Amino acid sequence: MYCMLLALLLLAVEGKSQLLATAQTPVSSGNRTVAEITVSGRVTDATTNEALAGCSVVLKGTQRGTTTDANGEYRIAVPDAGGVLVFGFIGFVSQEVTVGSQTTINVALKASASELSQVVVIGYGTTTKKDATGALTTLKSTEFNRGIINSPEQLLQGKVAGVNVTSASGEPGGRQTITVRGPGGGRTGSTPLFVLDGIPLDNSNTGGSSSPLNPLNFLNPQDIESIDVLKDASATAIYGARGANGVILITTKKGKAGTSNLTVSANVGISNVANYLPVFSADEYRQQVAGLGGTLEDQKASTDWQREISRTAITQDYNLSLSGGADRLTYYGSLSVQNQEGVLKTSQFNRYTGRFNASQRFLEDRLVLDVNLTASQTRNQRPPTESIVGSALSANPTYPAYDATGSPARYQAFTNPVLTLNLQKDITTINRVVANVSPSFKLTKDLVYKMSLGVDNASSTRDQQTLANLVPQQDGRLESLYGTNQNFLIENYFTYTRGWNNHSLTALLGHSYQKFMIRERTWSINKFPISPIEPINNVGLGQDLTLANNRPIGLALENELQSFFSRVNYQYKDRYLLTATVRADGSSKFGANNKYGVFPSFSAGWRLSDEPFLRSGPFSDLKIRAGWGQTGNQEIPSKITQALFTSQVSASTSYPLDASTTYPAGTTYTRFANPNIQWEVSTQTDIGLDFGLFKGALTGTLDYFRKVSGKILLEVIPADPIQPASTYWTNVPDMTITNQGVELGLNYRYASKSGFRLDLGGNITFIKNRVNKSPYSVITSGSASGSGLTSATVNGYVNGQPIGTFFLREYIGIDEKGLSAYRDTDGDGNPGTDKDRIAAGSALPTKQFNFNATASYRGFDLTANFNGVSGNKIYDNTANALFYRARLVKGLNTTPEGIGESNESINNSAPVSTRFLKDGSFFRLNNLTLGYNLNPQLIGMKRWISNVRISATGQNLFVITNYNGYDPEVNTDRTVNGISSYGIDYLSYPKARSFVFGLNVTF
């Protein structure tokens, strides 16, 4: 593939040179030579008179074309005066101009009515923004967040109402938590379905079942053209079983006919820890330990352990892309490299990607063949984050980090975090190929058949290495995991489109089959000698292969999904809109009695602004939308509907066949079959309003939504004691999880005749989540960690409360004995028991608000993006485990907050309670970008270069919050028995503050 891209690159450069030469060379026509006409000019916005950079200028009926530069200027050679130039730009009405005797042609393009003709992807097809009846949002690449980006979720953070993106930590390549209109399941997660160029992705085990990495970090953000977010059931029901949590459609870049562009970009970023926790310095530590009467081990140093394990990190990001095409062939190819250092030492994320997209037309354009291919390798080197962060926060600051030779100091009874960094290594390498071939054939002028063949193949290797060490003593160990995740897709569907009189109809009918195959195997070996050869490079040095310590394990799963789907879009007079969708999904995860589920949806729209009685009104656009539909959820373990057996020799599985005590092998049930488990179903209602005022200068959307998830899938304890298993899976009758709220999004555009332009946008979401009719008083989740906290849970699912509610004892202060006091909520005279736990708030925000602004003048532009949430809580498990008075007396460091209660006893423990529950609200300047589009003419390169852009971006510049941990945007995974946890902070990887400098050149 790389050779193919290189060949295309050479051809494009050669073609560009020929085109430039053609502009100056007479053209032979028979026996006469005709001098070509060179036409130049400027393309602007007819409303604002602002230059349109990147506008295509194509000689009609030929493959010849160019694009405008940063100043909207172009130059093109035409063969004669009869040539016709076609000017086209996204969001604007195309214009054709006959050359005639003109050598200078300036064109002012008119914007499409409020950009309502913008094409949006809706799954198995497209529509225009003005014709959409569902709740959906489209983001183009120009609207994406800037900075150091590892995965697609970060591109849209803060951009879409109802969508909440949370970084689980600040680790490069780490997971992102994303919810669309709130979580709707208990054990089924909240992640929406991601569809890449028509392929629904399966990301469950791309890095192994225990991997904390983001399965979407294989994508190069520079390759993405647009992201469409489908939010309500009328929009997502076409994906049926996997649309309950929303659908995110990712469309990569394609080539354009009549152009040829070579783009090179380079970005360099500098990152540092944005916020250090205020543990005591060495002098403060000495004073505090002495003041409490503790025993001080003073090694005479002054060490800031947090800074010793962190660093100034450098990120390098390089991209090369080539795109273009002729009448019947368009192509896009790219190569990219991203090397990102983490702000914790030894942390590193490397990504190498190649992409090739092509579209070829045959048979007078009746047959179209689309090909999309992505090949990537990601390599994550992770430090033992919890271990080194915990050690750095609690380590005695009077110990030196290094000895006299400059090596990490070694102590028999003291853990040096810097030494731990050198002794531990965790490397995950993932090779992933995602490809699809999509031929479509126009059977008649109204009927098109399309087939899609797709494959997503990921293979991973994870090596966790511990080096042998003498002081402190530890054995060497290597554990390796090999995994493969294969996803095969074949789809066939027909699309029928017809318009007559005032009617328009589009009908879709299709079939889909998808198969998933997951395999993992793990082995380990112990007792490596102290050697300059690392275990990862020579496993033969290991000396312990006993099954007790190193038993190989593995798993293999196969799941299949078969679907039949149909959708009908009908329009009358282009202002009365109806959409109906139905999808039947069958999954191998369910039993024979309920293998298939049927998910319908209906939606309607009324474009009032096109009615005669409103055409003279203030609205340039006014549309009412309403929709209802159902979607399913099948994200449960494989095979849980089938019986499970165990065979072994023991008294519990068999009995002697004679008078002896010799037991033969026996086989017993460990799980009964349950063919009645069925799909979890979400029923959604949405009522929306789209509007535009002041000739489209102010646009907005307003939506009310209600999503009710029923037939909740849970693993429960059986009521019947005869059950052979301690738990079993079932649909809980009557239990529901409801998300309802209001979304408001506004955008304002202003442009002056002088060329100044201002774009302001923002959105706010009010959302409430409730668990109702659960048969359990609380379904626990969120396991706490730390000394004395084992088996303690922090949050769960409580009737009448949101998902992620913190169910805790209520801390009311320190009593006269210096011990923690708790409210006796049940009045039994015994405060502080589990019966006194209360619902103390939820980790889910009740408000999400985002704001963005872009100002541009001539070649300069400034963009700022803000995002924030409120109404949510965070459980500071880090403070619970590390920051309290008793630890300081034991020779461990803490913070001023940890000794804030002056009358607290040094013997007071710190169990789980509301003492460590904190406000999680924040408002963040996510990124700020200053850019300048340099006119190539100023550097004498206009003939070869069409655009040069220089930019500087600040990322995570400030955050306003009451939370005093590393960062309020956190979600450490503390799942209990598969129940999802939310809003827990435990020794998280610190967030970074970054500055990125970029250069982008288009030839």
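In this text, all values refer to a predicted model and were calculated from it rather than measured experimentally.

Engineer: In this structure, what is going on with the overall build of the chain? I would like to understand it.
Structural biologist: Scanning the chain from N- to C-terminus turns up ten helices and 53 strands. Expected size for 1003 residues packed as a compact globule is a radius of gyration near 30 Å; at 31 Å, the chain falls within 12% of this value. Seen through its principal axes, the chain has C-alpha atoms that stretch 105 × 70 × 60 Å. The 1003 residues of the chain split such that 52% are buried. For the chain, the share of sequence-separated contacts (at least 6 apart) that also reach a separation of at least 24 residues comes to 70%. If you sum the accessible surface of the chain, you get close to 42900 Å²; carbon and sulfur atoms cover 55% of it. Separation of charge centres in the chain, based on 88 positive and 79 negative side chains, amounts to 5 Å.

Engineer: It is not clear to me how a nonpolar patch on the surface should be interpreted in this structure. Could you clarify?
Structural biologist: Judged by side-chain polarity, Ile-687, Leu-702, Tyr-704, Val-742, Leu-744, Leu-746 and Phe-766 come together as a nonpolar surface patch covering roughly 540 Å² of accessible area. Counting residues per element, the ones that place at least two in the nonpolar patch are β35 (698–710) and β38 (736–751). If one sorts the elements of the nonpolar patch by residue count, β38 sits on top with three residues. Along the chain, Leu-702 turns up in strand β35.

Engineer: How should I be thinking about the sheet that holds strand β17 (residues 224–230) in this particular structure?
Structural biologist: Think of a sheet as strands paired side by side through backbone hydrogen bonds, with each pair either parallel or antiparallel. In spatial order, the strands read β12-β17-β18-β15-β16; together these five strands make up an open sheet with mixed pairing. Edge positions in the sheet fall to β12 (136–140) and β16 (199–200), since each of these pairs with one other strand and no more. Where strand β15 (residues 193–196) meets β16, two bridges bridge the pair, whose relative direction is antiparallel. Residue pairing across strands places Val-195 opposite Pro-200, the latter belonging to β16.

Engineer: For this particular structure, what's the right way to read the side chain of Asp-585?
Structural biologist: Here Asp-585 shows up in strand β29 (residues 576–587). A relative accessible area of 0% places Asp-585 in the buried class. Within the structure, the side chain of Asp-585 is placed 3.0 Å from the side chain of Arg-583, a separation counted as a polar contact. Beyond its immediate chain neighbours, meaning those up to four positions away, Asp-585 contacts Tyr-239, Gly-240, Ala-241, Leu-561, Gln-562, Ser-563, Lys-595, Tyr-596, Gly-597, Phe-599 and Trp-679.

Engineer: Got a minute to help me understand the sheet that holds strand β4 (residues 56–59) in this structure?
Structural biologist: Reading across the sheet, the four strands line up as β5-β4-β7-β8 and stay open at both edges, with antiparallel pairing between neighbours. Of all the strands in the sheet, just β5 (65–67) and β8 (95–98) have a single pairing partner and so form its edges. Each strand axis lies, on average, 20° off the axis of its neighbour in the sheet, ignoring direction. Bridge count for β4 against strand β7 (residues 84–88) is four bridges, and the pairing is antiparallel. In the sheet register, Val-58 faces β7, and the bridge partner there is Val-86.

Engineer: What is the right way to read the pattern of salt bridges from this model?
Structural biologist: Side chains bearing opposite charge may pair, as long as their charged atoms lie close to each other. What the rule picks out here adds up to 39 salt bridges. The partner of Asp-861 in a salt bridge is Arg-949, and the shortest N-O contact between them spans 2.7 Å. Taken together, the residues Asp-861 in strand β47 (residues 860–870) and Arg-949 in strand β51 (residues 947–961) connect sequence positions 88 residues apart. Accessibility expressed as a relative area gives 22% for Arg-949, which makes it partly exposed. Arg-924 is paired through a salt bridge with Asp-967; the nearest N and O atoms lie 2.7 Å apart. Taken as a pair, Arg-924 in strand β50 (residues 922–934) and Asp-967 in the loop between β51 and β52 (984–985) lie far apart in primary sequence, 43 residues in all. Its relative accessible area of 5% is what places Asp-967 among the buried residues. Through salt bridges with shared partners, one network takes in Arg-181, Lys-231, Lys-623, Arg-625, Asp-686, Asp-690, Asp-703 and Glu-743.

Engineer: What should I look at first to understand the environment of Glu-73 in this one?
Structural biologist: With respect to the helices, strands and loops of the structure, Glu-73 is situated in strand β6 (residues 73–78). By relative accessible area, which is 27% here, Glu-73 ends up partly exposed. With near-sequence residues (within four places) excluded, Glu-73 lies in contact with Gly-41, Arg-42, Thr-67, Thr-68, Gln-937 and Lys-942.

Engineer: When you look at the packing of aromatic side chains in this model, what are you seeing that I'm missing?
Structural biologist: Working definition: an aromatic ring pair is given by the centre-to-centre distance plus the angle between the planes. By the definition in use, this model includes 22 aromatic pairs. Each ring, one from Tyr-811 and one from Tyr-822, has its centre 6.3 Å from the other, and the planes form 65°; the classification is edge-to-face. With Tyr-811 in strand β43 (residues 811–814) and Tyr-822 in strand β44 (residues 820–822), this residue pair connects regions lying eleven residues apart in the sequence. Both residues of the pair, Tyr-811 and Tyr-822, belong to the buried class. Site record: aromatic cluster; members linked through ring pairs are Phe-849, Phe-851, Phe-866, Phe-923 and Phe-958.

Engineer: Just to check I follow, could you spell out the nonpolar core for this structure?
Structural biologist: Generally speaking, soluble globular proteins have nonpolar side chains that are buried together. Ranked by size, the top nonpolar core spans 57 residues in total, and within it Trp-305, Leu-393, Leu-714, Val-794, Phe-806, Tyr-875 and Val-912 carry the most contacts. Of all the elements in the fold, those that place two or more residues in this core are α6 (385–394), α7 (417–423), β36 (712–716), β41 (793–798), β42 (805–808) and α9 (877–882). For this core, the element with the highest residue contribution is α6, accounting for four residues. With 24 residues, the next largest nonpolar core counts Leu-156, Val-160, Leu-201 and Ile-227 among its residues.

Engineer: Hey, could you run me through the confidence of the model for the chain in this one?
Structural biologist: For any part of a model where pLDDT is low, the fine detail of the predicted coordinates should not be relied upon. In the predicted model, the chain carries a mean pLDDT of 86, and the fraction of residues at 70 or more is 93%. In the model, residues 1–34 has pLDDT below 50 throughout and makes 43 contacts with residues more than four positions away in sequence or in other chains.

Engineer: Explanation requested: the environment of Ser-994 in the structure shown.
Structural biologist: The residue Ser-994 is located in strand β53 (residues 992–1002) in this model. In the structure, Ser-994 is positioned 41 residues away from Thr-953 in sequence and 8.0 Å away in space, judged by C-alpha atoms. Not counting residues up to four positions away in its chain, the partners in contact with Ser-994 are Ile-148, Ile-270, Ser-271, Thr-953, Gly-954 and Gln-955. At 2.6 Å, the side chain of Ser-994 and the side chain of Ser-271 are in polar contact.

Engineer: So what exactly am I meant to see when it comes to the side chain of Thr-138 here?
Structural biologist: As for its placement among the helices and strands, Thr-138 is situated in strand β12. Of the polar contacts made by the side chain of Thr-138, one reaches the side chain of Asp-228; its length is 2.5 Å.

Engineer: How should empty space enclosed by the protein be read in this particular structure?
Structural biologist: Gaps left between atoms show up when a probe the size of a water molecule is rolled over them. This structure, assessed with the given rule, holds five cavities of 30 Å³ or more. Computed from the structure, the largest cavity encloses a volume of approximately 470 Å³. Sorting elements by how many residues they give to the lining of the largest cavity places β50 first, with three residues. Broken down by class, the residue content of the lining of the largest cavity amounts to six nonpolar, 18 polar and six charged.

Engineer: I tried to follow α6 on my own but got confused; where do I start?
Structural biologist: Residues spaced three or four apart along an α-helix point in a common direction, a consequence of the helix completing one turn every 3.6 residues. In terms of residue burial, α6 counts as a mostly covered element, since eight of its ten residues are buried. Inspection of α6 places Thr-385, Ile-388, Val-389, Gly-390, Ser-391, Ala-392, Leu-393 and Ser-394 among the buried residues, and these make up the whole buried set. Buried positions along α6 lie against α5 (305–308), β23 (367–382), α7, α9 and α10 (885–889).

Engineer: Quick question: what am I supposed to make of the pairing of strand β37 (residues 728–732) here?
Structural biologist: Two faces belong to every sheet, and in a regular strand the side chains alternate between them. In terms of burial, β37 is largely enclosed, as four of its five residues are buried. Here β36 runs beside β37; their pairing, made up of five bridges, is antiparallel. Bridge pairing links Val-716 to Tyr-728 in β37.

Engineer: How should I be thinking about unusual backbone geometry in this particular structure?
Structural biologist: The linkage connecting Val-471 with the following residue, Pro-472, adopts the cis geometry, with an omega of -10°. The topology assignment puts Pro-472 in the loop between β25 (447–466) and β26 (476–500). A positive phi is found at Lys-573, a non-glycine position, where the angle reads about 55°.

Engineer: Can you walk me through the environment of Val-598 in this structure?
Structural biologist: Positionally, Val-598 belongs in strand β30 (residues 596–607). Given a relative accessible area of 53%, Val-598 falls into the exposed group. Spatially, the C-alpha atoms of Val-598 and Thr-497 are 25 Å apart, while their sequence positions differ by 101 residues. Among all residues touching Val-598, those that are not within four sequence positions of it are Val-582, Arg-583, Ala-584 and Gln-630.

Engineer: Would you mind going over helix α4 (residues 282–291) with me for this structure?
Structural biologist: Every buried residue belonging to α4 is among Ala-282, Tyr-285, Arg-286 and Val-289, and all of these are buried. An end-on view of α4 places all buried positions within 100° of arc, on one side of the element. Facing away from the buried side of α4 by over 90 degrees, the exposed positions are Asp-283, Gln-287 and Gly-291. Structurally, α4 contributes buried residues whose contacts are with α10. Downstream of α4 by a residue or two, Gly-293 has a phi angle that is positive, lying close to 80°.

Conventions used here
Counting restarts for each chain, with residues numbered from 1 along the sequence as it is written. In keeping with the predicted nature of the model, local features appear solely for residues at pLDDT of at least 70, side-chain atom pairs appear and are counted solely at 80 or more, and the whole-chain, interface and lining totals rest on all residues. Only heavy atoms go into the side-chain values, all of them from the structure, while hydrogens and water stay out. Elements are defined by DSSP. Helices are runs of H or I of four residues or more, strands are runs of E of two residues or more, and each kind is numbered from the N terminus. C-alpha atoms define the radius of gyration, and 2.2 Å times the number of residues to the power 0.38 defines the globule rule. Remark: exposure states derive from per-residue accessible area (1.4 Å probe, protein chains only) relative to the maximum for the residue type, with buried under 20%, exposed over 50%, and partly exposed in between. Contacts are assigned to residue pairs with any non-hydrogen atoms lying within 4.5 Å of each other. A 1.4 Å probe and the Shrake-Rupley method give the accessible areas. Residues count as covered only by the protein chains that appear here. Charge counting treats Lys and Arg as positive and Asp and Glu as negative, with His and both chain ends excluded. A charge is said to be at NZ when it belongs to Lys, at CZ for Arg, at CG for Asp and at CD for Glu. Grouping into patches uses exposed residues only, defined as over 30% relative accessible area, and leaves out salt-bridged ones; the cut-off is 9 Å for like charges and 5 Å for nonpolar side chains (Val, Leu, Ile, Met, Phe, Trp, Tyr). Note on definitions: salt bridges are taken to be side-chain nitrogens of Lys or Arg within 4 Å of carboxyl oxygens of Asp or Glu. Think of it this way: DSSP has to see at least two bridges between two strands before they count as a pair. Polar contacts here mean pairs of N or O atoms no more than 3.5 Å apart (in protein, one a potential hydrogen donor and the other a potential acceptor; neighbouring residues in sequence count only if both atoms are side-chain atoms). All axes here are fitted lines through C-alpha atoms, helices being fitted over the stretch that makes contact, and every angle between N-to-C directions spans 0 to 180 degrees. Two rings from Phe, Tyr or Trp (for Trp, the six-membered ring) form a pair when their centres are within 6.5 Å of each other. A pair whose planes differ by under 30 degrees is stacked, one over 60 is edge-to-face, and the rest are tilted. The definition of a nonpolar core used throughout is a set of buried Ala, Val, Leu, Ile, Met, Phe, Trp, Tyr and Cys residues joined through side-chain atoms within 4.5 Å. Confidence of the predictor in every single residue is expressed as pLDDT, which spans 0 to 100. Think of a 1 Å grid over the protein atoms and nothing else: a 1.4 Å probe that fits but is trapped marks a cavity, an open set flanked by protein within 12 Å on at least five of seven lines marks a pocket, and residues with an atom within 4 Å of a point count as lining. Grid points are joined across faces, edges and corners, and a volume is the space filled by probe spheres set on the points. All amino acids are sorted into three groups, where Ala, Val, Leu, Ile, Met, Phe, Trp, Tyr, Cys and Pro are nonpolar, Asp, Glu, Lys and Arg are charged, and the leftover types, Gly among them, are polar. Throughout, the arc means that of the directions going from the helix axis to the C-beta atoms.

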